Amino acid sequence: MRKGKGTVVLSLMACFALVFSVLSACSNNGGEKDKTAQETQQTQEPQKSGETKTETPNKPPLKLRVALTTGGSKYVEGHTNLNEDPYVKEFEKMTNTDLTFETLLHQEYNQQLSLLVAGGNLPDILQTKGIDQPEISPLVEAGALLPLNDLIDKYAPNLKAKVPKESWQSGRVSKNGVIYGIPGYENSVRNGTVVYLRKDWLDKLGLSVPRTVDEYLTVLRAFRDRDPNGNGQKDEIPIAGREKLSHTTYFFGAYDVLPEGWRLINGVMTPNFIRPEMKDALKLYRQLYEEKLLDQETFTTTGAKWDEKITGKGLGGMWAHAAAYPDTWQQRLEKNVPGAKIVIAPAPVGPSGKPGGVYPIGSSVADFVWTIPKTAKNPEEIVKLFDWFYSDQVNKNFFLYGLEGKDYTVQNGTVKYNYPQTDEDVGRESFHQIWLHWTGPQYQLIDEEFIKGRKYGDLIFDAISLSNKEGQTTDALDMPSLPAVQARPELMWNGLWLEFAAKVITGQESVDKFDAFVEDWKKRGGEQWMKEATDWYNSKKK
């Protein structure tokens, strides 16, 4: 964890013997240097940096401690002094704040958050994945988080008017009608993950973009056998898999059993990973692994190693990631593998013929929820700050373009933006567009002119367009963490089931033992969890 004015604190791994789980790395730090800078011109009324504030200039800056994830950003994690960063300085100037950041390393987020909470010295603003998460729900029960209903009614007219009602009702944001969190930036792309393929490999082998499971098998076998990278070695990895099957679940979607999803079956809420269709999906994954179509190191490949195999060495033929940033992947890949091209492909479609997906379609609440501990000294001002992000006074140009004179200029009322050309440029852009943009619209995903001006903007349009046409829903959308799973977190898909699935896929266990696994899972508390989930679902419908 990092504290204070950018001071780096030794990793907590040195102090605690924890088994750290590596979370999905956000691949927003790619880029490519061109000979000339790309520019966009937008005819709009320009806003100057520092032009808008939440308070009058004469009022002392609001001092705030803010704890939040690094998001896997190299820009953030490599920073020696965040509070001297020019973007932070501009943010503080606009909002009349004095910020002290405590950053939680992306790869150790859950563990570091747990330790922060256990330490008791909570910040003024705490970024979470939801108030129902195991690390945060005890704070709600203990009364350590501030109820926000009255504060929002009194001080946040923009939040109240512009954040969707369903977001406030989400179990990640409120409990029993009491709001404890403010949703992060708007979830503009709710089916946020799509399948990527190496287009240059398809073209070289004379293959079309696949759609069905059988078509994918044909393509993947060709990737394995026909040397699409042309180096004379059989080193291609048809499916670049990743530990915990992160970003590798698209073939489960072909059988309508995405592991994180649930279905209401005969009036009973049932997790996908125990449904009968899961057996066929596991058989397919076993086949993929046995035929060496799925990376043989899948279950030990961290996010960083996965990224290196795909963009560093250029060996991956199929993978999945954000629909919003395929341009970043393209630029990072071609930097190391000249001539490499990406195409966005439909997630595999199985026997049902229904659109596939990588993860269940998400909530209107995006990745994070902001909470205010009861120990915060100025909760009214904090709520006003979050309201500012949705107000007419917000400086859109800062969050979209960055710093005037550095990242963009305004000439005769027209914005001229220097699009990122290097990894460092992309890191800076992500910093002001996402990391500092705590809530409100994601301008970089909804401003059509901005997207069109990007190099490979067509890839972004293709990905977002496809993501809106596919994906699978879950009947457990925004279901809170229920008592049974709080007591036995191994009941979740990434616990007992993932352990069983890994053994089946790698040939250490027969898929014929699936029914026995399901019965054992139910006896260990799964049946109780299903009952609680069914009660929750029925109460939601009242």
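The preceding data block contains the structure.
Given the structure is predicted, the values throughout are model-derived calculations rather than measurements.

**What about the nonpolar core?**
And then number 1: With 65 residues, the main nonpolar core has F251, F252, L282, L288 and W497 as its most contacted residues.
And then number 2: Counting residues per element, this core draws most heavily on helix α22 (residues 514–540), which supplies 9 residues.
And then number 3: Sequence-distant contacts of L282, that is, excluding residues within four places in its chain, are made with F252, W497, F500, A501, V504, V511 and F514.
And then number 4: Ranked by size, the runner-up nonpolar core spans 53 residues in total, among them Y75, L146, A376 and W438.

**Comments concerning the pattern of salt bridges**
And then number 1: Scanning the model with the defined rule gives 35 salt bridges in all.
And then number 2: Among the salt bridges present, the one from K279 reaches D515, with a minimum N-O distance of 3.4 Å. With K279 in helix α11 (residues 277–290) and D515 in helix α22, this pair connects stretches of sequence that are 236 residues apart.
And then number 3: What makes D515 partly exposed here is its relative accessible area of 46%.
And then number 4: When salt bridges with common partners are traced through the structure, they connect R221, R224, D225, K234 and E291 into a single cluster.

**Description of the pairing of strand β3 (residues 97–104)**
And then number 1: Of all 8 residues in β3, 7 are buried, a share of seventy percent or more.
And then number 2: Of the pairings in the sheet, the one linking strand β2 (residues 62–69) to β3 comprises 8 bridges and is parallel in character. From the neighbouring strand, L64 faces β3, where its bridge partner is L99.

**A word on the sheet that holds strand β4 (residues 125–128)**
And then number 1: The mixed open sheet is built from 5 strands, whose spatial order is β3-β2-β4-β14-β7. Two strands bound the open sheet, and with one partner strand each, they are β3 and β7 (181–183). Going from strand to strand, the sheet's axes swing by 25° on average, the running direction of each strand aside.
And then number 2: Note that β4 and strand β14 (residues 369–371) share 3 bridges and pair antiparallel. Looking at the pairing, T128 lines up with V369 of β14.

**Let's talk about the side chain of T249**
And then number 1: Within the secondary structure, T249 sits in the loop between β9 (237–239) and α10 (250–253).
And then number 2: A distance of 2.5 Å separates the side chain of T249 from the backbone oxygen of V358, its partner in a polar contact.
And then number 3: Setting aside residues up to four positions removed in sequence, T249 forms contacts with L258, P259, Y285, G357, V358 and Y359.

**Here we look at helix α19 (residues 457–469)**
And then number 1: Taking 1.5 Å as the rise per residue, α19 with 13 residues should run 18 Å; its terminal C-alpha atoms sit 19 Å apart, in good agreement.
And then number 2: Regarding α19, the residues found buried are G457, L459, I460, A463, I464, L466 and S467.
And then number 3: Just beyond α19, the residue with positive phi is G471, at close to 105°.

**Some remarks on the packing of helix α9 (residues 213–225) against α11**
And then number 1: Two elements in contact, α9 and α11, have axes separated by 12 Å at closest approach and are oriented at 10°. By the criterion of interaxial angle, the relationship of α9 to α11 is roughly parallel. In this structure, α9 meets α11 at a crossing whose hand is right-handed. Contacts from V213, L217, L220 and R221 of α9 reach α11 at L284, Q287 and L288.
And then number 2: Residues of the contact of α9 with α11, tallied by class, amount to 5 nonpolar, 1 polar and 1 charged.

**A few points about the sheet that holds strand β12 (residues 316–322)**
And then number 1: Taking strand neighbours across the sheet as the criterion, the 4 strands line up as β9-β12-β8-β13 in an open arrangement whose pairing is mixed. If you trace the sheet from one side to the other, it starts and ends with β9 and β13 (342–345), each paired once. Here the average twist between neighbouring strands, direction ignored, is 35°.
And then number 2: As paired strands, strand β8 (residues 193–198) and β12 are joined by 5 bridges and run antiparallel to one another. Across the sheet, L197 pairs through a bridge with M318, a residue of β12.
And then number 3: On the sheet, helix α13 (residues 326–336) packs against β8, β12 and β13 and is oriented at approximately 150° with respect to β13.

**Focus on the environment of I446**
And then number 1: Tracing the sequence through the fold places I446 in helix α17 (residues 443–446).
And then number 2: Counting along the chain gives 258 residues from I446 to S188, while the straight-line C-alpha distance between them is 7.6 Å.
And then number 3: Excluding residues that lie within four positions of it along the chain, I446 makes contacts with S188, P441 and I451.

**Some thoughts on the environment of D423**
And then number 1: Within the element layout of this structure, D423 appears in helix α16 (residues 423–435).
And then number 2: Along the sequence, D423 and Y75 sit 348 residues apart, while their C-alpha atoms lie 9.4 Å from each other.

**Let's talk about the packing of aromatic side chains**
And then number 1: Throughout the structure, instances matching the rule amount to 42 aromatic pairs.
And then number 2: Measuring from ring centre to ring centre gives 6.5 Å for Y109 and F368, while their planes differ by 65°; the resulting arrangement is edge-to-face. Within this pair, whereas Y109 is found in helix α3 (residues 109–119), its partner F368 is found in the loop between β13 and β14, the two being separated by 259 residues in sequence. When sorted by exposure, Y109 lands in the same class as F368, which is buried.
And then number 3: A ring pair is formed by Y417 and F450, whose centres lie 5.5 Å apart and whose planes are at 35°; its orientation type is tilted. One end of the pair, Y417, is in strand β16 (residues 414–418); the other, F450, is in helix α18 (residues 448–453), with 33 residues separating them in the sequence.

Reading the values: the criteria
Residues numbered from 1 in each chain as written. Predicted model: local features only at pLDDT ≥ 70, side-chain atom pairs only at ≥ 80, totals over all residues. Heavy atoms only, no water. Core = buried A, V, L, I, M, F, W, Y, C linked by side-chain atoms within 4.5 Å. Buried < 20%, exposed > 50% of the residue type's maximum accessible area, 1.4 Å probe, protein only. Helix = DSSP H or I, 4+ residues; strand = E, 2+ residues; numbered from the N terminus. Contact = heavy atoms within 4.5 Å. Salt bridge = Lys/Arg side-chain N within 4 Å of Asp/Glu carboxyl O. Pairing = 2+ DSSP bridges. Axes fitted to C-alpha atoms, helices over the stretch in contact; angles between N-to-C directions. Polar contact = N/O pair within 3.5 Å; in protein donor to acceptor, adjacent residues only side chain to side chain. Expected span 1.5 Å × (residues − 1). Parallel < 35°, antiparallel > 145°, perpendicular 65-115°, else oblique. Left-handed = near helix turned anticlockwise from the far one by under 90°. Nonpolar A, V, L, I, M, F, W, Y, C, P; charged D, E, K, R; others polar. Phe/Tyr/Trp six-rings, centres within 6.5 Å; stacked < 30°, edge-to-face > 60°.

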